[in-house]
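Below, each chain spelled out in residue letters.
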Amino acid sequence: MLILTCNCIAAFLVAYFRSKEPQFVGSSRQADRIAPIKNILILSAAYFLYFGIVFTISYKYTHYVRKEIHFNPMMLIWISGLICAILFFPKWSFLHFTPEKAVTGDVTDHVIYLFFEMLLLSTQKVDYEYLPVPIACFVNFLIYFLLTFMRHKGFRNRSRHVNPADICVLFMIAAICEYLNSVVFHSDNNLFGVFISFAVILLIFFVTLNINISIIIHVIVNTIWILIHYFVYDFRGTPFIPADVYAAGTAFDVVDQYTLYTNKQIWELLMVSLLIITCCLYFVQISGVERFQLPIRLTGMIFVITVSLLWFNSDFINDNNLYWEMFGVGTIANTYERNGCTLGFVEVLKKSQVPKPDGYSRNRVKELAQKNAFVQSDASVIRPNIIVIMNETFADIGDLGNLNASEDYMPFYHSLNNTPGRIATGRTLVSTIGGNTAKSEFEFLSGSSLAFAPQTNPYLVNIQRNMPTLVTTLQDQGYYAVATHPAASTNWNRNKVYKYMNFDEMLFIKDYEESDRLRGRVVDSEVYGKIDHILQDKPEGTPYFIFGVTIQNHGGYNVKDLEDERLQFRLPDSEPSDLDVYLSLISVSDTALSEFITMIDRYEEPTVLVFFGDHYPMLTDESFETITDHGRFSSELELEQTKYMTPYLVYSNYDIDTSFFNQLTSLNYLGCDLLKALELNMTPYNVYTYGMQDTIPAMNAYAYVNKDEMHCNYDDVTAAESQTLKDYYILEYDSLFGNLEESAFRIDKTEYDR
């Protein structure tokens, strides 16, 4: 009610002072004296509606980004905004009447007022204010005073041609944008980052030949660029890299599970950006040149693009002794922090290009295929149904050593002991944390490691043709392959990639329309139920390979989710947090896994389950620090690699040789271990990959475990390890980019009938 009253009074006063314009003063006709009264009432109603819209949007925005409303100081700032409106709006063309009595106005004024009020009202929070209330009110007054001053001086109606000195203005704006970059990410100020920003704004200028428009476009693009980096890092814990561009569709599909939090640095970014844009809109318009417009435009664009390409293809980091760490755990984040996200992104883009391995040739691939030829198994060997479950964010965070849970969050999994012939459990290294699920999927299905190209996501960039995988190896032995995932088929390009991998059948979210959901995501048990239906309905005598990817535990662990009665796990002596949400979800997954194994035990046909988590959850820094016992780990690398380690389980309803599964392995090995345990045929690539475990027992994109069970960086490889990896990369490259030598990746399938 207080807001409505203030808005009403302000609307009337603005309309009243507005009516004092010359056209309403001094008339002797009664009709002309009545008209202003009518105009005041109409204009009051228009202003009242407008103020209400602005406050509502500002209130919603503040609640969204600050997660609470500190009403009293927010009210004071809003009243200061209304006072500014009373003082300055009558002098603007903010709202006025056309001869037809229609209410019109300057759209720019409307938008500028809305954005400034949104930002100023969002400065207040109970425990943390960006600006004290008096300063926020003063800033409010100062902004509208300057805008009114520029209007009064008529700057907006003036224009002139561009002169060479204006290029200095563009450089200054580029420097400000790079500075804002460093403020948000707490990175070092980098002159080379400024030059990248300057090249962008210069290119925009030569396209538009308009200083004002160039600055506005560049500032908007820079703001969006910084926000993308900020929120990706906030959600996932790893920087925004070039491969993420291709994952935009997947990001939009899951973003509703996350909560957007902003900080003071983001507020400063938005406020400074808005001030720059406002100055460009209200100040002298600088555009065009007196002569040679087209030659200048073309010459400038060609010059900027040429210099940029020459710089991009140079060894810029090493030539200038800038900080750079090659791909490793956390090193990309360190690089971004030291050099800024723009320069970091450009360098990752350069280093993400997959090089041809030294020694690669078709003859070398054939030679490796001959050396690793597999003696074909008897066609009468048991061919069980194979179920592989990649469980979304299934990790045992108790491995960090300081969880202190009063009850077990995955009692069923922890109760499983390695039982020769039936059960194998352990840990598997993965190459991602907090997201990028498709990386884990790729490593398991292909048998390849992302150590070859750590910052790529093959599902998005590299897989552009048919490729050999565990799918084709099993199909060559009479298997029918099905993939199922209860999400959009376009996520991570699965609809295309699964076809390249030669899956016979694919089931996505449309096949789960009536399924039970938790936090809006299809629960694990529904995926298992779908697999059960597939196996019940399959043709007798045809072995099935089913690859299922769950989604129940996907990131975005909001405390409000604990209101669901199914999420009941709580850590003792602590306030509810993202940890409680995550552990509650894992508990639900653990129960579903128990029921699924009971289901498998009832199958008459031989059936084997391979179950593993795709990556660790992305929790807050505070949560990770709380559950981590740093003294438990011999090195920082071991601690970081533990966060790239998830549980795996192999379960069979008949006797198999489980001795082939190691306590610690990695996803590129797990499929080969499975083929070996089931006595199925293997391709030469499978044979080579399986044999690598004698030299490198486990590996991921960033580090590996040696024979002494020590975690090592790839810079520290021995001569034997180096040669093993070199030949491995040659085979991997051939499967993705090379000649795809069939003798290395396929087996003789003539003795198997589908």
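In this report, we go over the structure that sits alongside the text. (Residues numbered from 1 in each chain as written. Predicted model: local features only at pLDDT ≥ 70, side-chain atom pairs only at ≥ 80, totals over all residues. Heavy atoms only, no water.)

## What about a nonpolar patch on the surface?
Then comes step 1: Judged by side-chain polarity, I83, L87, F138, F141, L142, F145, L146 and F149 come together as a nonpolar surface patch covering roughly 730 Å² of accessible area.
Then comes step 2: For the nonpolar patch, the elements supplying multiple residues, two or more each, are α3 (71-88) and α5 (133-153).
Then comes step 3: Sort the elements by how many residues they give to the nonpolar patch and α5 lands first, with 6 residues.
Then comes step 4: Relative to the helices and strands, F145 resides in helix α5.
Then comes step 5: A relative accessible area of 40% places F145 in the partly exposed class. (Patch = residues over 30% accessible without salt bridge, like charges linked within 9 Å, V, L, I, M, F, W, Y side chains within 5 Å. Areas by Shrake-Rupley, 256 points an atom, 1.4 Å probe, with all protein chains shown as cover. Salt bridge = Lys/Arg side-chain N within 4 Å of Asp/Glu carboxyl O. Helix = DSSP H or I, 4+ residues; strand = E, 2+ residues; numbered from the N terminus. Buried < 20%, exposed > 50% of the residue type's maximum accessible area, 1.4 Å probe, protein only.)

## With respect to the pattern of salt bridges
Then comes step 1: Applying the stated criterion to the full structure yields 12 salt bridges.
Then comes step 2: Of the charged contacts in the structure, one is a salt bridge between R364 and E367, with a shortest N-O distance of 2.9 Å. Highlighted residues: R364 and E367, both in helix α15 (residues 362-371), separated by 3 residues, approximately one helical turn.
Then comes step 3: A salt bridge links R427 to D396, with the nearest nitrogen and oxygen atoms 3.0 Å apart. Linking R427 in strand β6 (residues 423-429) with D396 in the loop between β5 (385-391) and α16 (411-415), this pair joins segments that are 31 residues apart in sequence.

## Here we look at the packing of helix α25 (residues 684-691) against helix α26 (residues 719-736)
Then comes step 1: Viewed as axis vectors pointing N to C, α25 and α26 meet at an angle of 155°, and their least axial separation amounts to 11 Å. Considering the angle they form, α25 stands roughly antiparallel to α26. Classified by chirality, the crossing of α26 by α25 is left-handed. Note on element contacts: α26 touches α25 through Q723, T724, D727, Y728, L731 and E732, opposite Y685, Y688 and T689.
Then comes step 2: Of the residues in the contact of α25 with α26, the class split is 4 nonpolar, 3 polar and 2 charged. (Axes fitted to C-alpha atoms, helices over the stretch in contact; angles between N-to-C directions. Parallel < 35°, antiparallel > 145°, perpendicular 65-115°, else oblique. Left-handed = near helix turned anticlockwise from the far one by under 90°. Contact = heavy atoms within 4.5 Å. Nonpolar A, V, L, I, M, F, W, Y, C, P; charged D, E, K, R; others polar.)

## Here we look at the environment of V221
Then comes step 1: Considering the arrangement of structural elements, one finds V221 in helix α8 (residues 211-236).
Then comes step 2: Judged by relative accessible area, V221 falls into the partly exposed class, the value being 47%.
Then comes step 3: Separated by 20 residues in sequence, V221 and I201 have C-alpha atoms that sit 9.9 Å apart.

## Side note on the pairing of strand β13 (residues 645-652)
Then comes step 1: With 8 of 8 residues buried, β13 is to be regarded as a mostly interior element.
Then comes step 2: Neither face of β13 is open: one carries M645, P647, L649 and Y651, the other T646, Y648, V650 and S652, and all of them are buried.
Then comes step 3: Pairing of strand β12 (residues 607-613) with β13 involves 5 bridges; the strand directions are antiparallel. If you follow V608 over to β13, its bridge partner there is S652. (Pairing = 2+ DSSP bridges.)

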